[in-house]
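Summary of the model geometry
Single-letter residue listing:
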Amino acid sequence: MTMKRPRILVVDDEQPLRELVVVTLGEAFVCDEVGDGEAALERLSSESYDLVMLDVMMPGTSGTDVLRKMREDDELREVPVVVMSAWQSPQDVARALEAGADRFLAKPFRIDELGSMVRGLVGRSE
Amino acid sequence: MSRLSLVARVVVLATAVAIVVGIVVASSLIAILSLRHAEERESQTQEVTTATLRVENAAVNLESALHGYTLTGNQRFIGLFNQAKDAAPRSFNQLERLLPDDPAQLQQARRARTFLNQYVTDYAEPVIVIRGIDPQSARSQVAGTEERRLMAPVRTSLANILNVEQQRSTDRRAHAESVARNAIIVGSVGIVLCVALVLLFGAWVARGVAAPVRRTSAAASRVAAGDFDVRVEESGAGEVGGLVAAFNSMTRSLAHGREELLAQNALLRESEEHKRDLITMVSHEIRTPLASVIGFTSLLLEREFPREEERRYLEIIDQQARRLGGIAGDFLDVQLLEGRGLTLDRAPFDLVELTREQADLFFAHSSHSLDLDLPDAPLVVNGDRDRIAQVIGNLLSNAIKYSPASAEVHVSLHAENGGVELAVADEGIGIPEDDQVRVFEKFYRVPDAAAGIGGTGLGLSVAREIVTSHGGKIDLESQKSRGSTFRVRLPVGGAA
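Okay, so let's go over this structure. This structure is a prediction, so every number in the text was calculated from the model and none was measured. (Residues numbered from 1 in each chain as written. Chains lettered and ligands numbered in written order. Predicted model: local features only at pLDDT ≥ 70, side-chain atom pairs only at ≥ 80, totals over all residues. Heavy atoms only, no water.)

**Structural notes on the overall build of chain A**
Of regular secondary structure, chain A possesses 5 helices and 5 strands. Reading the helices (α) and strands (β) of chain A from amino to carboxyl end gives β-α-β-α-β-α-β-α-β-α. Residues classed as buried in chain A amount to 52% of the 126 residues present. The long-range share in chain A, meaning contacts at least 24 apart out of those at least 6 apart in sequence, stands at 54%. A total accessible area of about 6000 Å² is found for chain A, and carbon and sulfur atoms account for 48% of it. (Helix = DSSP H or I, 4+ residues; strand = E, 2+ residues; numbered from the N terminus. Buried < 20%, exposed > 50% of the residue type's maximum accessible area, 1.4 Å probe, protein only. Contact = heavy atoms within 4.5 Å. Areas by Shrake-Rupley, 256 points an atom, 1.4 Å probe, with all protein chains shown as cover.)

As structure tokens, then:
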């Protein structure tokens, strides 16, 4: 065993999309998935993650809300976040980055793009 | 009165001025005529006076000649006496000719004549005869009682005539003076009245014309500045009042026209916004399933998976591709609805089986729990199976989409007098009362829901169209934050 595998939380209300992210990232990461913003905040408060893959458009607490709360929280401030969204106008991207996102991943994305973005962030954070 | 037209106003003024001028002229004419009449009478009076004096003169001459002769016996006085005796009747004739319509004066003249004749015949001539015989006796007669008896009435009558004429002349002068004074007063008052009338008319015209015109011009400036709500008080002379009324009706139609334009513009802008929102929404709606299709396809192409997983990913791809197809279908349906309407491909089918099939499809990959209440026996309905499937699918996907993960969705189906009723109830965010009617409108989405949840806003409008084409009804019952229940009622036989 070399080192502990990085833990990733995948937040998206679309189940197929969560599965796509989890399968794409594969064996190198430990992935947990939740379907809405409230569940994400709950999970983040009880467990620690090396990266959050966050959808923006979700019923109830949106991804942007989750992101803002994370950035206000001392424990979660440094956790890298990749925002994934089908809304990808320059304003949408700017809003995500201003809220504290590290990367913006436009849906639909290429699987190698997802992989390299995640590896870059997790590698840097370690 | 204030509504009188300008022409009427001018006529009124002209009439008033003409009446005043007429009164002035008439009173002047009366004064002139009266003065001329007085003048004529005055000259007659003078003639009468002259004639009277001449008679008096004759009487004096008779008396003097008689006295002269009686005292001196000189024949020259006889000549003078005869001269005066001849002159007296001529003078009387002249005087009487001047008094034909004046019986009182005429009577006085005749009385004087009678007494003078008596004086000549009964006194003077006998005295002259006596002088020839007895000068002493004659001399004692002269200036005696008899002479005075005869001469006094003559003098009195003549003096009366003169007095009456004198009095008349004085009266006439006074009357003429008063007429002239009255004419002057009437003339002065007339001039003042004319001036006042013209001034009053000026004020009246100003009130009837100038003020409304000024108001209208001020209003016109405001209209020019874009204020079409301005209205001018409708007063003033007929023609001006008409102008003001026309102005008001013009601004009214301008305001109306602008409102229509603004409304059309708003409508256009709204539909422009709709279109723009729609394009954004569609691109987003397409991207989500597309992400799964592209992602899993790439994974399958690039990596090796166990047979089972491969199959599962293919199922996801299939499902998401169908979802894409559904979105495309919704748009095609909207085009259909906007165009010639829906064509139904009717055939009898079992609604129980269709409901179960749709429920399986939508809840297979959902974290929501399903409470399915279906009758045991088939419920056969005559309708377009694919279209009804679309309606059920739409209601199920809405129930899942708008309620929290792991919430329960209740689906029930039962026969109901002559038809069937399908109910889909969720425990989701609900629909505010104000939006309950609008959710069936094309592209309408409840604002709160639209903020976090994707959707085209087409599903329910298409569903309603399908249900009503089948002769059925769709309605909803909902409470914000409690959940929504959609009920679809379909006739078993289906509408013809």
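**Quick look at a negative patch on the surface**
On the surface, Glu270, Glu272, Glu273 and Asp277 of chain B cluster together into a patch of negative charge. Among the secondary structure elements, Asp277 of chain B is positioned in helix α6 (residues 238-302). (Patch = residues over 30% accessible without salt bridge, like charges linked within 9 Å, V, L, I, M, F, W, Y side chains within 5 Å. Salt bridge = Lys/Arg side-chain N within 4 Å of Asp/Glu carboxyl O. Lys, Arg positive; Asp, Glu negative; His and termini not counted. Charge placed at Lys NZ, Arg CZ, Asp CG, Glu CD.)

**Concerning the packing of aromatic side chains**
Between two aromatic rings, the relevant description is the distance of the centres plus the angle of the planes. All names here are of chain B. Counted under the stated rule, the structure contains 4 aromatic pairs over all chains. An angle of 40° between the planes, with centres 5.4 Å apart, marks the rings of Tyr119 and Tyr123 as tilted. Here the residue Tyr119 and the residue Tyr123 both occupy positions in helix α3 (residues 103-133), the gap between them amounting to 4 residues, near one helical turn. Look at Tyr123 and you get buried, because its relative accessible area is 2%. Relative to Phe486, the ring of Phe440 has its centre 6.3 Å away and its plane inclined at 80°; by these criteria the two rings are edge-to-face. Of this pair, Phe440 sits in the loop between β5 (419-425) and α10 (447-452) while Phe486 sits in strand β7 (residues 483-491), placing them 46 residues apart in sequence. Residue Phe440 is classed as buried on the basis of its relative accessible area of 7%. (Phe/Tyr/Trp six-rings, centres within 6.5 Å; stacked < 30°, edge-to-face > 60°.)

**Describing the sheet that holds strand β2 (residues 369-373) of chain B**
All names here are of chain B. Ordered by their spatial adjacency, 5 strands build an open sheet running β2-β4-β5-β7-β6, and the pairing between neighbours is mixed. Only two strands of the sheet have a single neighbouring strand rather than two, namely β2 and β6 (473-479). The average undirected angle you get between the axes of adjacent strands in this sheet is 15°. The pairing of β5 with β7 spans 7 bridges and is antiparallel. Across the sheet, Val424 pairs through a bridge with Phe486, a residue of β7. Helix α11 (residues 459-469) contacts β6 and β7 of the sheet and is inclined by roughly 25° relative to β7. (Pairing = 2+ DSSP bridges. Axes fitted to C-alpha atoms, helices over the stretch in contact; angles between N-to-C directions.)

**Some details on the interface of chain B and chain A**
Listed by partner, the interface residues are 29 residues for chain B and 18 residues for chain A. If you look at where chain B meets chain A, you find 2 salt bridges. Residue Glu14 of chain A pairs with Arg323 of chain B through a salt bridge whose shortest N-O separation is 2.7 Å. Here chain B is connected to chain A by 6 residue pairs in polar contact (both at pLDDT 80 or more). Sort the elements by how many residues they give to the side of chain B that touches chain A and α6 of chain B lands first, with 14 residues. (Polar contact = N/O pair within 3.5 Å; in protein donor to acceptor, adjacent residues only side chain to side chain.)

**Re the pattern of salt bridges**
A side chain of one charge can pair with a side chain of the opposite charge if their charged atoms are brought near each other. Residues and elements named next belong to chain B. The full count for this structure, using the stated rule, is 33 salt bridges over all chains. A salt bridge links Glu165 to Arg168; its shortest N-O distance comes to 3.5 Å. A residue pair is termed a helical-turn pair when its members lie 3 or 4 positions apart in one helix, as Glu165 and Arg168 do in helix α5 (residues 145-224) at 3 residues. In this structure, the salt-bridge partner of Arg489 is Asp475, at a minimum N-O distance of 3.2 Å. Taken together, the residues span a long stretch of sequence, with Arg489 in strand β7 and Asp475 in strand β6 at a distance of 14 residues. On the accessibility criterion, Arg489 (28% relative accessible area) is partly exposed. Overlapping salt bridges bring together Glu416, Glu421, Asp475, Glu477, Arg487 and Arg489 as one network.

**A closer look at the packing of helix α1 (residues 6-72) of chain B against helix α2 (residues 75-98) of chain B**
Residues and elements named next belong to chain B. Contact geometry of α1 with α2 gives a least axis separation of 8 Å together with a crossing angle of 160°. By the angle between their axes, α1 is roughly antiparallel relative to α2. Note that α1 runs across α2; the crossing there is left-handed. For the contact of α1 with α2, the residue count by class is 17 nonpolar, 8 polar and 3 charged. (Parallel < 35°, antiparallel > 145°, perpendicular 65-115°, else oblique. Left-handed = near helix turned anticlockwise from the far one by under 90°. Nonpolar A, V, L, I, M, F, W, Y, C, P; charged D, E, K, R; others polar.)

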